[in-house]
Every structure is written in C-alpha cells, then in structure tokens.
Amino acid sequence: MRETPVELIELQALLDASLSRSTDHLQSIFTDRTVTAEQLTGVLTGMCTLALSTVTAKGEPRISGADGHFLHGRWVFGTARTAAKARHLAARPAASVAHLRGEDLGVFTHGTVETLNPLGGAPADDWPELLAYFQDFYGADAFDWELEVVYYRLHPHWMTVYAPDITKLTATS
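Residues numbered from 1 in each chain as written. Predicted model: local features only at pLDDT ≥ 70, side-chain atom pairs only at ≥ 80, totals over all residues. Heavy atoms only, no water.

Going by an unreviewed UniProt entry, the chain carries the name Pyridoxamine 5'-phosphate oxidase and comes from Actinoplanes campanulatus.

Peer 1: So, helix H1 (residues 5–20): which residues are in play, and what are the values?
Peer 2: Between its terminal C-alpha atoms H1 stretches 23 Å, which fits the 22 Å expected from 16 residues at 1.5 Å a residue. For H1, the complete set of buried residues consists of Glu7, Leu8, Leu11, Leu14, Leu15, Ser18 and Leu19. Each buried residue of H1 sits inside an arc of 125° when the element is viewed along its axis, so together they form one side. In this structure, H1 carries Pro5, Val6, Ile9 and Ser20 as exposed residues pointing more than 90 degrees from its buried face. As for H1, its buried residues are in contact with helix H2 (24–30), helix H3 (37–43), strand S2 (61–71) and strand S6 (149–162). (Helix = DSSP H or I, 4+ residues; strand = E, 2+ residues; numbered from the N terminus. Expected span 1.5 Å × (residues − 1). Buried < 20%, exposed > 50% of the residue type's maximum accessible area, 1.4 Å probe, protein only. Arc of directions from axis to C-beta. Contact = heavy atoms within 4.5 Å.)

Peer 1: Lay out the pattern of salt bridges with the relevant residues and their values.
Peer 2: Here the structure, examined in full by the defined rule, presents 4 salt bridges. Across the pair Glu60 and Arg62 runs a salt bridge whose closest N-O atoms are separated by 3.1 Å. With relative accessibility at 33%, the residue Glu60 sits in the partly exposed group. Across the salt bridge formed by Arg153 and Asp126, the nearest N and O atoms sit 2.8 Å from each other. Of this pair, Arg153 sits in strand S6 while Asp126 sits in the loop between strand S5 (105–115) and helix H5 (127–138), placing them 27 residues apart in sequence. Since its relative accessible area comes to 22%, Asp126 is described here as partly exposed. Overlapping salt bridges, with partners in common, bring together Glu114, Asp126 and Arg153 in one network. (Salt bridge = Lys/Arg side-chain N within 4 Å of Asp/Glu carboxyl O.)

Peer 1: Describe in detail the environment of Pro93, supporting the description with residues and values.
Peer 2: The topology assignment puts Pro93 in the loop between helix H4 (84–91) and strand S4 (94–101). Relative accessible area serves as the criterion here: at 33%, Pro93 is assigned to the partly exposed category. In contact with Pro93, not counting residues within four places along its chain, are Gly111, Thr112 and Val113.

Peer 1: Tell me about the side chain of Ser22, residues and numbers included.
Peer 2: Within the secondary structure layout, Ser22 lies in the loop between H1 and H2. Once you skip the residues sitting within four places of it in the chain, Ser22 turns out to touch Gln27, Trp158 and Thr160.

Peer 1: Give me the lowdown on the packing of aromatic side chains, citing residues and values where you can.
Peer 2: Scanning all chains against the criterion turns up 13 aromatic pairs. Between the aromatic rings of Phe30 and Phe108, the centroid separation amounts to 6.1 Å while the plane-to-plane angle is 55°, which identifies the pairing as tilted. Of this pair, Phe30 sits in helix H2 while Phe108 sits in strand S5; the two residues are 78 residues apart in sequence, bridging distant segments of the chain. The class for Phe30 is buried, based on a relative accessible area of 8%. Ring plane angle 70° and centroid distance 6.1 Å describe the contact between Tyr138 and Phe143, whose orientation is recorded as edge-to-face. By the ring-pair criterion, three or more aromatic residues cluster together here, those being Trp127, Tyr133, Phe134, Phe137, Tyr138, Phe143, Trp145 and Tyr151. (Phe/Tyr/Trp six-rings, centres within 6.5 Å; stacked < 30°, edge-to-face > 60°.)

Peer 1: An account of the nonpolar core is requested, with residue identities and associated values reported.
Peer 2: Formed by 30 residues in total, the largest nonpolar core has its most connected members in Leu40, Trp75, Phe77 and Met159. If you look at the next biggest cluster of nonpolar residues, it comprises 11 residues, including Leu71, Leu130, Tyr133 and Trp145. (Core = buried A, V, L, I, M, F, W, Y, C linked by side-chain atoms within 4.5 Å.)

In structure tokens:
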C-alpha cells in the first residue's frame, strides 16, 4: 500500500460517488459486496492483470491485457510504444480497465490516461519514482525504458469494486 491518507480519502470519495451514480441493477449487486479504499489498496499489491479497453479511429472497441499496478490510488500500466493500444491512447485517451480474480474480486474503472513518459516530451513529475518502482519490479535491464515502453496513469472518473468476502482476499496461505 503506497497511498497517503489524502489519497485514501480521495479514493473512498470516488468509490462512494461512483456507486451512488450507478444503475439500480449494479447497486443491487455491489452495495453489500464492496470494500473500502483502505481494504482495496491492501488487496491490489504488486502486478495485477488488467483487461484494458481502448477505441480505434473508427470507434470500434478493442480490449487487450496489460500489467497493472495500483499506485497512489490510480492504475498505472505500460505497453510497447509500437502497440496498437499505444496509438489508440495517444489519439483517444479515454480508457476502461477491469481487474478480475474469479468471482472474488472485480475492480472496474473508467477514466482518461496520462502518458507518464512521453517520447520527446517532459515526463510526469513522479516518473523518476515510478521508473524506480518498475525497474525494481521488472529488472533495470528488462527494457529500454526510454525508447521501448510507454507508461500511463488512468485518472478515474468512475470506479466500483465487487468483493463479496474481503476475508477471502486478505487470507494468507
């Protein structure tokens, strides 16, 4: 868990507002089967496989996988600079991600991406910290970190969590 107290408050406000704006159908499923921001950040550690949804120039949806890391209350993920999803996000930064763990956890997020390390542009202020995290996680020599990979942070405007049994998610083996 890397979130500050302020980030946890902001995440909780987003979770609460998102669920309250959801359809009656979704509320009937999620309301008694969700978690707090603090519980969520305790569960979303390390790499979490994401289903990432982007849109083509023709408005056609595309879904692909991405390594997601939940850092400071936001999804951060990367891909090859030459990947189709990188082209989609450069032109149309709206995206949705889902992280699912069977029937035990579903985290659904819609928002807009920020490019953290644009080629030829100024990186995000916290890129050095994030780069150190990724190099530690994947290995400093895993990629040409400047030219080969591009990283994004999803700024969510909607996020809900389905977790019917938090103790199942936090149990140690």
